Amino acid sequence: MFYWDPTYILVLIGMVICMGASALVNSAMNKYSRVRNGSGITGEEAARRILNSEGLYNVQIECLSSDRGDHYDPRTNTVRLSRSNFTQPSVTAVGVAAHECGHAIQHAKGYAPLNFRSALVPVANIGSHLGLPLILLGVFLSWNQVLIQIGIWAFALAVAFQLVTLPVEFNASGRAVAKIEQYGLLSAEETKGCRKVLTAAAMTYVAAAASAILQLLRLVLLFGGNRRGDD
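Since this is a predicted model, take the numbers as computed values, not measurements.

Asker: An account of the overall build of the protein chain is requested, with residue identities and associated values reported.
Answerer: For the protein chain, the helix and strand inventory stands at seven helices and three strands. Taken from the N to the C terminus, the helices and strands of the protein chain come in the order α-α-β-β-β-α-α-α-α-α. If you line up the protein chain on its principal axes, its C-alpha atoms span 70 × 35 × 30 Å. The contacts in the protein chain between residues at least 6 apart in sequence include a share of 71% that link residues at least 24 apart. Of the roughly 12000 Å² of accessible surface on the protein chain, a fraction of 62% belongs to carbon and sulfur atoms. For the protein chain, the separation between the mean place of its 19 positive charges and that of its 15 negative charges on side chains is 3 Å.

Below, the structure is given as structure tokens:
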């Protein structure tokens with residue numbers, strides 16, 4: 001039987017925020033993926049030009065088999081671009097490629113928030129996977145507050161990771177636009193479109209962080225006190 005409690009409103013708010021951010025980024029990326037840039041350069045070519053100009057010849061560029069999943073892998077010094085962004089000469093492709101190169105530049109320069117985020121990855125993974133199970137286990141064991149509190153703190157680590165991600169992503173986008181302008185990869189008008197794409201993409205991280213905070217707040221409200229199942 002479905003059970004409702006007032007804290008579900010926090011979950012609903014988080015869902016709405018994430019859905020809105022997702023719609024925004026999909027709209028911007030789809031719009032500017034259909035706009036061919038005046039230079040006619042693909043995402044792969046833009047990435048190589050930025051990386052070479054920054055002296056990052058050791059950073060590889062790979063094409064993914066899907067149209068999603070663009071990222072920079074600091075473990076292997078590799079920029080991985082989705083198939084469409086790797087091959088197409090669109091404004092979106094150049095913007096996304098430049099953003100991932102921004103992460104490569106952060107890595108090369110020892111950007112502190114990126115290093116901190118990388119260090120948080122193991123504990124954040126543990127927190128995201130074990131936080132809720134520990135809380136539920138504590139509830140089933142007669143509201144064992146030790147397990148519940150450990151679970152809440154574990155989940156909080158995952159939330160901390162989301163928060164640390166924000167400056168990393170915004171900084172990478174800032175670097176991307178700066179390099180696009182510095183190396184003349186896009187026209188002034190195309191760069192405006194690129195900014196819209198990167199801003200929309202950044203909003204998805206803001207939405208994810210907001211949703212995670214709301215979920216953490218809900219867990220604290222539900223389980224953070226000294227409740228007992230027989231209260």
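Let us keep going from here.
Asker: I'd like a rundown of helix H6 (residues 145-182), residues and numbers included.
Answerer: Over its 38 residues, H6 extends 56 Å from the first C-alpha to the last, a length consistent with the 56 Å expected when each residue adds 1.5 Å. Structurally, the start of H6 carries an N-cap: the backbone nitrogen of valine 146 is 3.1 Å from a side-chain oxygen of asparagine 144. At the exit of H6 stands glycine 184, carrying a positive phi of roughly 60°.

Asker: Give me the lowdown on unusual backbone geometry, citing residues and values where you can.
Answerer: Unusually for a residue other than glycine, asparagine 77 sits at a positive phi of about 55°. In this structure, serine 142 takes a positive phi of about 55° despite not being glycine. Structurally, serine 142 can be placed in the loop between helix H5 (112-140) and H6.

Asker: Go over the packing of aromatic side chains with me, naming the residues and quoting the values.
Answerer: Summed over all chains, the structure comprises one aromatic pair. Between tryptophan 143 and phenylalanine 223, the aromatic rings sit 5.8 Å apart at their centres with planes inclined by 40°, giving tilted as the arrangement. Here phenylalanine 223 lies in helix H7 (residues 188-223) and tryptophan 143 lies in the loop between H5 and H6, a separation of 80 residues in the sequence. Side by side, tryptophan 143 and phenylalanine 223 carry an identical accessibility label, which is buried.

Asker: Just give me the short version of a nonpolar patch on the surface, but keep the residues and values in it.
Answerer: Nonpolar side chains collect at one region of the surface, where Ile9, Leu12, Ile13, Met15, Ile17 and Met19 lie side by side and expose about 530 Å² of accessible area between them. In this fold, isoleucine 13 is placed in helix H1 (residues 8-33). Judged by its relative accessible area of 38%, isoleucine 13 falls in the partly exposed class.

Asker: Would you mind going over the packing of helix H2 (residues 43-53) against helix H4 (residues 91-109) in detail, with residue names and values included?
Answerer: Each pair of packed helices gets described by two things: the angle between the helix axes and the distance between those axes. Following both chains from N to C, one finds H2 and H4 inclined at 35°, their axes separated by 8 Å at the closest point. The hand of the H2/H4 crossing is right-handed. Between H2, through Gly43, Ala46, Ala47, Ile50 and Leu51, and H4, the contact on the second element is made entirely by Ala93, Val94, Ala97, Ala98, Cys101, Ala104 and Ile105. Among the residues forming the contact of H2 with H4, the class breakdown is 11 nonpolar, one polar and no charged.

Rules of the game
All chains use their own residue numbering, which begins from 1 and follows the written sequence. Owing to the predicted nature of the model, reporting of local features is limited to residues with pLDDT of at least 70; listing and counting of side-chain atom pairs is limited to 80 or more, with chain, interface and lining totals taken over all residues. Computation of side-chain values: all heavy atoms of the structure, hydrogens and water removed. Strands are runs of DSSP state E lasting at least 2 residues, helices are runs of H or I lasting at least 4, and numbering of each runs from the N terminus. Residue contacts are defined here by distance: any two heavy atoms, one from each residue, within 4.5 Å place the two residues in contact. Every accessible area reported is derived by Shrake-Rupley at a probe size of 1.4 Å, with residue values counting cover from the shown protein chains alone. As used throughout, the charge tally considers Lys and Arg to be positive and Asp and Glu to be negative, leaving His and the chain termini uncounted. Working definition for charges: the position is that of NZ of Lys, CZ of Arg, CG of Asp or CD of Glu. The span expected for a helix works out to 1.5 Å for each residue beyond the first. For the purposes of these results, a polar contact is taken to be a pair of N or O atoms within 3.5 Å, where, inside protein, one atom must be able to donate a hydrogen and its partner to accept one; residues adjacent in sequence count only when each atom of the pair is a side-chain atom. Aromatic rings from Phe, Tyr and Trp, with only the six-membered ring used for Trp, were paired whenever their centres fell within 6.5 Å, and each pair was classed as stacked if the ring planes differed by under 30 degrees, edge-to-face if by over 60, and tilted otherwise. The rule is simple: take the accessible area with a 1.4 Å probe, protein chains only, and divide by the maximum for that residue type; under 20% is buried, over 50% is exposed, in between is partly exposed. Every patch collects residues that have over 30% relative accessible area and no salt bridge, joining them within 9 Å if they carry like charges and within 5 Å if they are nonpolar side chains (Val, Leu, Ile, Met, Phe, Trp, Tyr). We count a salt bridge whenever a side-chain nitrogen from Lys or Arg sits within 4 Å of a carboxyl oxygen from Asp or Glu. Note on definitions: angles span 0 to 180 degrees between N-to-C directions of axes, and those axes are lines fitted to C-alpha atoms, for helices only across the stretch in contact. Crossing handedness: left-handed means the near helix sits turned counterclockwise from the far one by under a right angle, and right-handed means the same turn made clockwise. Throughout this entry, Asp, Glu, Lys and Arg are counted as charged residues, while Ala, Val, Leu, Ile, Met, Phe, Trp, Tyr, Cys and Pro are counted as nonpolar. The remaining residues, Gly among them, count as polar.

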